[in-house]
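The chain contents come next:
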Amino acid sequence: MNEQCDMLVLSYKEYREHDALICGLSEQGKINLIARGANKGNSKNAGAIQPYSLARILYNAHEQRSLYTLKTAQGLKSRRHLREHLLLSAIASLICEIVVSQTMDEGSEYFKIVDTCLDALEKGTQPYGVLCLFLALHLRMQGIYPEVEGCVRCGSREHIQGISICDGGFVCHSCYRCEDDRKRTKEQLKKFRLINHAAIEHLSIIDDSASWDYEDADILLSLLSEYGNAALKSAVFLKNISKFTY
Ligand SMILES: [Zn+2]
């Protein structure tokens, strides 16, 4: 029996001589596909199933298997620009890698979030703003809520001076430990609070309200590595190129 769905391509790997293995995300969750002949020059499907694209696919869902066979793919959003731009590609790749490594029962929330983030990256929204919002939403969906109303150690709302990764939130002047905590400016703390309150619908507010950089994303990535995903290849790559771009 063939089934149809709209799928975001999270990863694309060449497989054997002419095939490709694809991990995709639909509203129903993640799906693993083999695309036979996708690496042949005359493949009809290849253009629609490149990384970060959105495709309407038909696949063979005959049996309860973990790997399905792709029948046809029709491109809905190509997002070619993301694959051609180093920083955008690095950020899109990191978002996709996080979702690939995630076990999830239901994909609908992630589907909407990832689709919106990839659209925003392509439309020229600040790339690190998009990444920060994705990371903050992902942390929240993992049940990780950084403390951004007061000091995570003593509860004080006065003289907030930095962020603790190990305790997960703001730290005040008295509780600040220079060997463990990250010192942040008032402006950086304000951004951190904003991003941890934002929903996906607030992307344009995030974009307009501040200037976002790698340092903002690095705090959220550190929280993620402290509490969740340990080794993300794309995170290492992004850190390396962040020194050279923007
Ligand atoms: Zn304190």
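Conventions we followed
For every chain, the first residue of the written sequence is number 1, and numbering continues from 1 along that sequence. Totals for whole chains, interfaces and linings use every residue, but because this is a predicted model, local features are given only for residues with pLDDT of at least 70 and side-chain atom pairs only at 80 or more, for both listing and counting. Hydrogens and water molecules were not included; the side-chain quantities draw on all heavy atoms of the structure. By definition, any uninterrupted DSSP run of H or I lasting at least four residues is a helix, any uninterrupted run of E lasting at least two residues is a strand, and each is numbered from the N terminus. A simple rule labels every residue: compare its accessible area, found with a 1.4 Å probe on the protein chains alone, to the largest value its type can have, and call it buried under 20%, exposed over 50%, or partly exposed in between. Contact definition: two residues touch when any of their heavy atoms are within 4.5 Å. Accessible surface area values rest on a Shrake-Rupley calculation with a 1.4 Å probe, where residue burial reflects the displayed protein chains alone. Note on charges: Lys and Arg go in the positive column, Asp and Glu in the negative column, and His and the chain ends are not counted at all. Lysine's charge is taken at NZ, arginine's at CZ, aspartate's at CG and glutamate's at CD. In this description, a donor is an N, O or S atom within 2.8 Å of the metal centre, a cutoff extended to 3.2 Å for sodium, potassium and calcium. Water is not part of the atom list, which can make sites seem incomplete. Square planar and octahedral assignments, for four and six donors respectively, both demand that opposite donors be over 155 degrees apart and that all other angles lie between 65 and 115; tetrahedral needs four donors with all angles between 85 and 135 degrees, and anything else is irregular. Note on ring pairs: Phe, Tyr and Trp rings are taken, using the six-membered ring of Trp, and paired if centres are within 6.5 Å. Classes follow the plane angle, with under 30 degrees stacked, over 60 edge-to-face and the rest tilted. Note on terminology: a nonpolar core comprises buried Ala, Val, Leu, Ile, Met, Phe, Trp, Tyr and Cys residues joined through side-chain atoms within 4.5 Å. Boundaries between domains were set according to an automatic or database domain assignment.

Trainee: Can you break down the overall build of the protein residue by residue, with the values?
Mentor: Scanning the protein for helices and strands turns up eight helices and eight strands. Along the three orthogonal principal directions, the C-alpha set of the protein runs to about 65 × 35 × 30 Å. Sorting the 246 residues of the protein into buried and exposed places 52% on the buried side. A separation threshold of at least 6 residues defines the contact pool for the protein, and within that pool the share at least 24 residues apart is 61%. Surface exposure of the protein reaches about 12,400 Å², of which carbon and sulfur atoms provide 48%. A gap of 4 Å separates the mean positions of the 29 positive and 31 negative side-chain charges of the protein.

Trainee: Describe the coordination of the zinc ion, listing the residues and the values that go with them.
Mentor: The textbook angles at a metal center are 109.5 degrees for a tetrahedron of four donors and 90 or 180 degrees for an octahedron of six. For the zinc ion, the protein coordination sphere consists of Cys151 (SG), Cys154 (SG), Cys172 (SG) and Cys175 (SG), at 2.3 Å. Geometry at the zinc ion is tetrahedral, judged from its four donor atoms and the angles of 105 to 115° they form at the metal. Between consecutive donor residues of the zinc ion, the sequence gaps follow C-x2-C-x17-C-x2-C. Taken together, the positions of Cys151 in the loop between α4 (127-141) and β6 (160-164) and Cys175 in the loop between β7 (169-172) and β8 (182-183) put the pair 24 residues apart, joining distant regions of the chain. Among the residues examined, Cys151 registers a relative accessible area of 3% and is labelled buried. Overall, Cys175 belongs to the buried group, its relative accessible area being 18%.

Trainee: So what's going on with the packing of aromatic side chains? Residues and values would help.
Mentor: Under the counting rule described, the total for this entry stands at three aromatic pairs. Ring geometry for Tyr59 against Tyr68: centres 5.4 Å apart, planes inclined by 55°, an arrangement best described as tilted. In this structure, Tyr59 and Tyr68 share a single accessibility class: buried. Taking the centre distance of 6.1 Å and the plane angle of 75° together, the rings of Tyr128 and Tyr214 count as edge-to-face. With a gap of 86 residues between them, Tyr128 in helix α4 and Tyr214 in helix α7 (residues 214-227) connect regions that are remote in the sequence.

Trainee: Break down the nonpolar core for me, citing the residues and quoting the values.
Mentor: In this structure, Leu25, Tyr128, Leu131, Phe134, Leu135 and Leu238 are the most contacted members of the largest nonpolar core, which totals 61 residues. Each of domain 1 (2-78) and domain 2 (81-145 + 196-242) accounts for three or more of the residues forming this core. Among all residues touching Leu135, those that are not within four sequence positions of it are Ile98, Ala217, Leu220, Leu221 and Leu224. In this structure, Tyr12, Ala20, Ala35 and Ile49 belong to the second largest nonpolar core, which totals 19 residues.

Trainee: Outline the environment of Leu76, supporting the account with residue identities and numerical values.
Mentor: Positionally, Leu76 belongs in strand β5 (residues 68-77). When the C-alpha positions of Leu76 and Gly155 are compared, they lie 49 Å apart, and in sequence the two are 79 residues distant. If sequence neighbours within four positions are ignored, Leu76 has contacts with Asp6, Leu54, Ala55 and Arg56.

Don't take any of this as a statement about function, it's just geometry.
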